[in-house]
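The primary structure of each chain is shown beneath.
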Amino acid sequence: LMEGSIVYNIPAAVMLEGAIDIDRLRTVFMKLIKRHEIYRTSFMMVNSEPVQKIRDDVQFEIDYKTSSTDYTDYTDYTDKIQYFIEPFDLSRAPLLRVELRKLEEARQLLMIDMHHIISDGVSQGILIREFMRLYGGEELAPLKLQYKDYSEWLRSEKQKETARNMT
C-alpha cells in the first residue's frame with residue numbers, strides 16, 4: 001500500500017533469440033490471466049481495511065517496442081530493466097506488465113514486472129512452467145483451486161488449530 005513505491009515490484013527479464021510471434025505471446029499471457037484469478041485481482045482500502053476484488057475480465061496489452069533509440073544512452077540490459085520498472089496502482093488489475101523490446105532483427109528483450117501482492121517465488125515458477133507449455137501449444141487442465149482457496153484455508157479454524165498443535 002506504499003503508493004508510488006517500487007519496493008514490492010518483482011521484475012524479470014529474458015533475452016529471446018529468433019522470431020517471436022507477438023500475437024501468440026499476448027494470447028499466452030491472456031490465457032494465464034484468465035486461468036489465475038490472482039492476475040485479475042485488484043486491491044483497495046474500504047473502511048480502513050484492505051479488500052481484494054477479483055475481476056471477470058481485465059485489459060492487457062504487451063508494450064511492444066521495435067526501436068531501441070530511446071535507450072541509446074544505456075550500456076547494458078540492467079539499465080533497460082530499471083527504466084521499465086514503475087509503481088503499480090493496486091486498484092487496477094492486472095498487477096502485471098509486460099514489455100517486449102526488439103533490440104536487433106532476431107533478438108528481443110522480454111521484460112515482466114509484477115507486484116509482490118500477487119506473486120512470490122513459487123508462483124513465478126508456476127507462471128514460467130505454464131507459460132512455456134502454453135507457448136508450446138499445449139492445453140492446460142482447468143485449475144481445481146485458486147489462490148483464494150489456499151488463502152481461505154490458511155485462515156480457517158482447522159488450520160489455526162493444526163498450527164497451534166505443532167508448536
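In this report, the structure presented in the accompanying data block is examined.

Thresholds, definitions, all that
- Residues numbered from 1 in each chain as written.
- Predicted model: local features only at pLDDT ≥ 70, side-chain atom pairs only at ≥ 80, totals over all residues.
- Heavy atoms only, no water.
- Salt bridge = Lys/Arg side-chain N within 4 Å of Asp/Glu carboxyl O.
- Helix = DSSP H or I, 4+ residues; strand = E, 2+ residues; numbered from the N terminus.
- Core = buried A, V, L, I, M, F, W, Y, C linked by side-chain atoms within 4.5 Å.
- Buried < 20%, exposed > 50% of the residue type's maximum accessible area, 1.4 Å probe, protein only.
- Contact = heavy atoms within 4.5 Å.
- Phe/Tyr/Trp six-rings, centres within 6.5 Å; stacked < 30°, edge-to-face > 60°.
- Lys NZ or Arg CZ within 6 Å of the ring centre and 35° of its normal.
- Expected span 1.5 Å × (residues − 1).
- Polar contact = N/O pair within 3.5 Å; in protein donor to acceptor, adjacent residues only side chain to side chain.

**Overview of the pattern of salt bridges**
Turning to step 1, where the next piece is worked out: As enumerated under the stated definition, the model contains 11 salt bridges in all.
Turning to step 2, where the next piece is worked out: Residue arginine 97 pairs with aspartate 113 through a salt bridge whose shortest N-O separation is 3.2 Å. In this pair, arginine 97 is assigned in strand 5 (residues 96-104) and aspartate 113 in strand 6 (residues 107-115), connecting sequence segments 16 residues apart.

**Here's the deal with the nonpolar core**
Turning to step 1, where the next piece is worked out: Within the largest apolar cluster, 28 residues are counted, with the highest numbers of intra-cluster contacts made by Phe29, Phe60 and Val98.
Turning to step 2, where the next piece is worked out: Elements that contribute at least two residues to this core include exactly helix 1 (22-35), strand 5, strand 6 and helix 3 (121-135).
Turning to step 3, where the next piece is worked out: In terms of residues, this core owes the most to one element, helix 1, which gives 6 residues.
Turning to step 4, where the next piece is worked out: With sequence-adjacent residues up to four places away left out, phenylalanine 29 is seen in contact with Phe60, Ile62, Val98, Ile112 and Phe131.
Turning to step 5, where the next piece is worked out: The next biggest cluster of nonpolar side chains, apart from the first, holds 6 residues, and it includes Ile81, Ile85, Leu109 and Met111.

**Examining the packing of aromatic side chains**
Turning to step 1, where the next piece is worked out: For the coordinates displayed, the defined rule picks out 3 aromatic pairs.
Turning to step 2, where the next piece is worked out: An angle of 35° between the planes, with centres 5.8 Å apart, marks the rings of phenylalanine 29 and phenylalanine 60 as tilted. Within this pair, whereas phenylalanine 29 is found in helix 1, its partner phenylalanine 60 is found in the loop between strand 3 (49-54) and strand 4 (62-65), the two being separated by 31 residues in sequence.
Turning to step 3, where the next piece is worked out: The class for phenylalanine 29 is buried, based on a relative accessible area of 2%.
Turning to step 4, where the next piece is worked out: We classify phenylalanine 60 as buried; its relative accessible area is 4%.
Turning to step 5, where the next piece is worked out: In textbook terms, an aromatic cluster arises when at least three aromatic residues are bridged by ring pairs, as seen for Phe29, Phe60, Phe131 and Tyr135.
Turning to step 6, where the next piece is worked out: Over the aromatic face of tyrosine 135 sits the side chain of arginine 24, whose NZ or CZ is 4.6 Å from the ring centroid.

**A word on helix 1**
Turning to step 1, where the next piece is worked out: The terminal C-alpha atoms of helix 1 lie 20 Å apart, and with 14 residues this matches the ideal 20 Å at 1.5 Å per residue to within 8%.
Turning to step 2, where the next piece is worked out: Of the residues making up helix 1, those classed as buried are Leu25, Val28, Phe29, Met30, Leu32, Ile33 and Arg35.
Turning to step 3, where the next piece is worked out: Structurally, helix 1 contributes buried residues whose contacts are with strand 4, strand 5, strand 6 and helix 3.
Turning to step 4, where the next piece is worked out: The opening residue of helix 1 is aspartate 21, an N-cap whose side-chain oxygen sits 3.1 Å from the backbone nitrogen of aspartate 23.

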